[in-house]
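Each chain, letter by letter, is given below.
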Amino acid sequence: ESNLPFAVGERLNYDVSWLNLGLIGKVNLAIQRRGSLDDKTVFEMVGELATFGAARSIINLDDTFKSYADVNSLVPVKTETNIQEGQRRKHIIATYKDNSVRLDNGTHFDVQPGALDLISLFYTVRAAQLKVGFNQTFHFVDANHRPRAVTIKVVKQESISSALGPRDTLQLDITY
C-alpha cells in the first residue's frame, strides 16, 4: 500500500472541455477513507461527474460512483452507482466475489479475474508502472454493469506546458 502513488485524503478535480464549447463539466475523484468490508481492508474511492452550463441542455449528468476496493489489489469488493442523467435515475449496489458480480436487483454475471469498476480502473492505471512500451488490457464493469475491456499502451513521453510550467507527461493510447 505504501508504494501507491495516492493516499487517503487525495482529491483530484478535473475540468472538462469539449470542442469550442469551453468548459462543460467536472470530474472529481477522491480516496475518502480506509476501512474494512467483508474481512478485507479497502479504500473507499469516489468519483463524481457532472455537466454544467449550456452542456446540461445537451447531456445532463450528475453521477456518483463509489468503489470499495481491496488496498492491495485495488479490485472492488463492492460498488455503489448513482446515476442521474436527465430523467434517468438509477441506484445500484454491486458485490464482487469469486470472479462474478451480483447486483442488488438480482442480476448476476461472471467477470474476468481481477475485474475492476470505473473508479478502481482509474486508480489501478495510476498505480501501474507506466513507461514507454507499457501495454496492458484491463477488464472492468462499466457504468451500466456490463463487462468490458480496455487496452492501455504508453506510446511516448513528452513535455507539455501548464499554468505551473512545463510538465513531463506520457501519451496513452486507449483502445476500448
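Scroll up to find the structure.
The sections below set out a description of the structure shown in this document. All values reported here derive from a predicted model rather than from experimental measurement.

## Focus on the environment of Ile 31
Phase 1 of the analysis: By the element assignment, Ile 31 lies in strand S2 (residues 23–37).
Phase 2 of the analysis: Take Ile 31: its relative accessible area is 1%, and that puts it in the buried class.
Phase 3 of the analysis: In the structure, Ile 31 is positioned 16 residues away from Gly 47 in sequence and 9.2 Å away in space, judged by C-alpha atoms.
Phase 4 of the analysis: When residues no more than four places from it in sequence are discounted, the contact partners of Ile 31 are Phe 6, Ala 7, Val 8, Gly 9, Glu 10, Phe 43, Glu 44, Met 45 and Tyr 123.

## Quick notes on the side chain of Ser 67
Phase 1 of the analysis: Following the sequence through the fold, Ser 67 ends up in strand S4 (residues 62–70).
Phase 2 of the analysis: When its relative accessible area of 0% is taken as the criterion, Ser 67 is described as buried.
Phase 3 of the analysis: Within the structure, the side chain of Ser 67 is placed 2.8 Å from the side chain of Asp 117, a separation counted as a polar contact.

## What about helix H1 (residues 118–127)?
Phase 1 of the analysis: Residues Ile 119, Ser 120, Leu 121, Tyr 123, Thr 124 and Val 125 constitute the buried set of H1.
Phase 2 of the analysis: Between the side-chain oxygen of the N-cap and the backbone nitrogen of Ile 119 there are 3.2 Å, and the N-cap of H1 in question is Asp 117.

## Some points on the environment of Gln 157
Phase 1 of the analysis: Its location among the elements puts Gln 157 in strand S11 (residues 147–160).
Phase 2 of the analysis: In the structure, Gln 157 is positioned 29 residues away from Ala 128 in sequence and 16 Å away in space, judged by C-alpha atoms.
Phase 3 of the analysis: Once you skip the residues sitting within four places of it in the chain, Gln 157 turns out to touch Val 132, Asp 168, Thr 169 and Leu 170.

Rules behind the numbers
- Residues numbered from 1 in each chain as written.
- Predicted model: local features only at pLDDT ≥ 70, side-chain atom pairs only at ≥ 80, totals over all residues.
- Heavy atoms only, no water.
- Helix = DSSP H or I, 4+ residues; strand = E, 2+ residues; numbered from the N terminus.
- Buried < 20%, exposed > 50% of the residue type's maximum accessible area, 1.4 Å probe, protein only.
- Contact = heavy atoms within 4.5 Å.
- Polar contact = N/O pair within 3.5 Å; in protein donor to acceptor, adjacent residues only side chain to side chain.

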